[in-house]
Amino acid sequence: MRLLVDLISWGLILAGSGFCVVGGLGLVRLKGFFTRTHAASVVDSAGAGLLLAGLLLQAGWTLVAVKLVMIGALIFFGSPTATHALANAAVARGLAPDREEER
């Protein structure tokens, strides 16, 4: 049973790491502000969520698991709010998505 939990948790950790790498490459390679913002939000939601899920399986029923759940809740609620506020601030300052820049 422990081997199955270890395999699932390592699969989640590797998948989360893959999302983080892809999101980091997106931040470097993408041209427009809004596409970079999207890449950063993917890292926060998918990458960090999968990493925390894998770590949660490794931690078991301990105080560490409670702390990981609290970190996950903060990321779950804070990251989309911050991304939305950042995009709204950019639009309020006059930055509009440019179709030519985004390609």
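Cut-off values and rules
- Residues numbered from 1 in each chain as written.
- Predicted model: local features only at pLDDT ≥ 70, side-chain atom pairs only at ≥ 80, totals over all residues.
- Heavy atoms only, no water.
- Salt bridge = Lys/Arg side-chain N within 4 Å of Asp/Glu carboxyl O.
- Helix = DSSP H or I, 4+ residues; strand = E, 2+ residues; numbered from the N terminus.
- Buried < 20%, exposed > 50% of the residue type's maximum accessible area, 1.4 Å probe, protein only.
- 1 Å grid on protein atoms, 1.4 Å probe; cavity = no way out; pocket = protein on both sides within 12 Å on 5 of 7 lines; lining within 4 Å.
- Points joined across faces, edges and corners; volume = space filled by probe spheres on them.
- Phe/Tyr/Trp six-rings, centres within 6.5 Å; stacked < 30°, edge-to-face > 60°.

Would you take a moment to explain the pattern of salt bridges for this structure?
Side chains bearing opposite charge may pair, as long as their charged atoms lie close to each other. Within the structure shown, the criterion is met by one salt bridge. As a salt-bridge pair, arginine 2 and aspartate 6 come within 3.6 Å of each other at their nearest N and O atoms. Here arginine 2 pairs with aspartate 6, and both are found in helix α1 (residues 2–29), just four residues apart, close to one helical turn. Overall, the relative accessible area of 46% leaves arginine 2 in the partly exposed class. Residue classification places aspartate 6 among the partly exposed positions, given a relative accessible area of 25%.

Looking at this structure, I do not really get the layout of surface pockets. What am I missing?
In this approach a probe as big as a water molecule rolls over the atoms, and the regions it shows empty are the leftover space. Considered as a void within the structure, the largest pocket measures approximately 160 Å³ in volume. Lining the largest pocket we find Arg2, Val5, Ala53, Leu56, Leu57, Gly60, Trp61 and Ala65. Mapped by element, the contributors of at least two residues to the lining of the largest pocket are α1 and α2 (33–59). Sorting elements by how many residues they give to the lining of the largest pocket places α2 first, with three residues.

Help me out: how do you make sense of the packing of aromatic side chains in this one?
In this description, a pair of aromatic rings is defined by centroid distance and the angle of the planes. This model, assessed by the stated rule, comprises two aromatic pairs. Considering the side-chain rings of phenylalanine 33 and phenylalanine 34, the 5.2 Å spacing of their centres and the 80° angle between planes classify their relative orientation as edge-to-face. We classify phenylalanine 33 as partly exposed; its relative accessible area is 29%. Their ring planes at 80° and their centres at 5.1 Å tell us that phenylalanine 76 and phenylalanine 77 sit as a pair that is edge-to-face.

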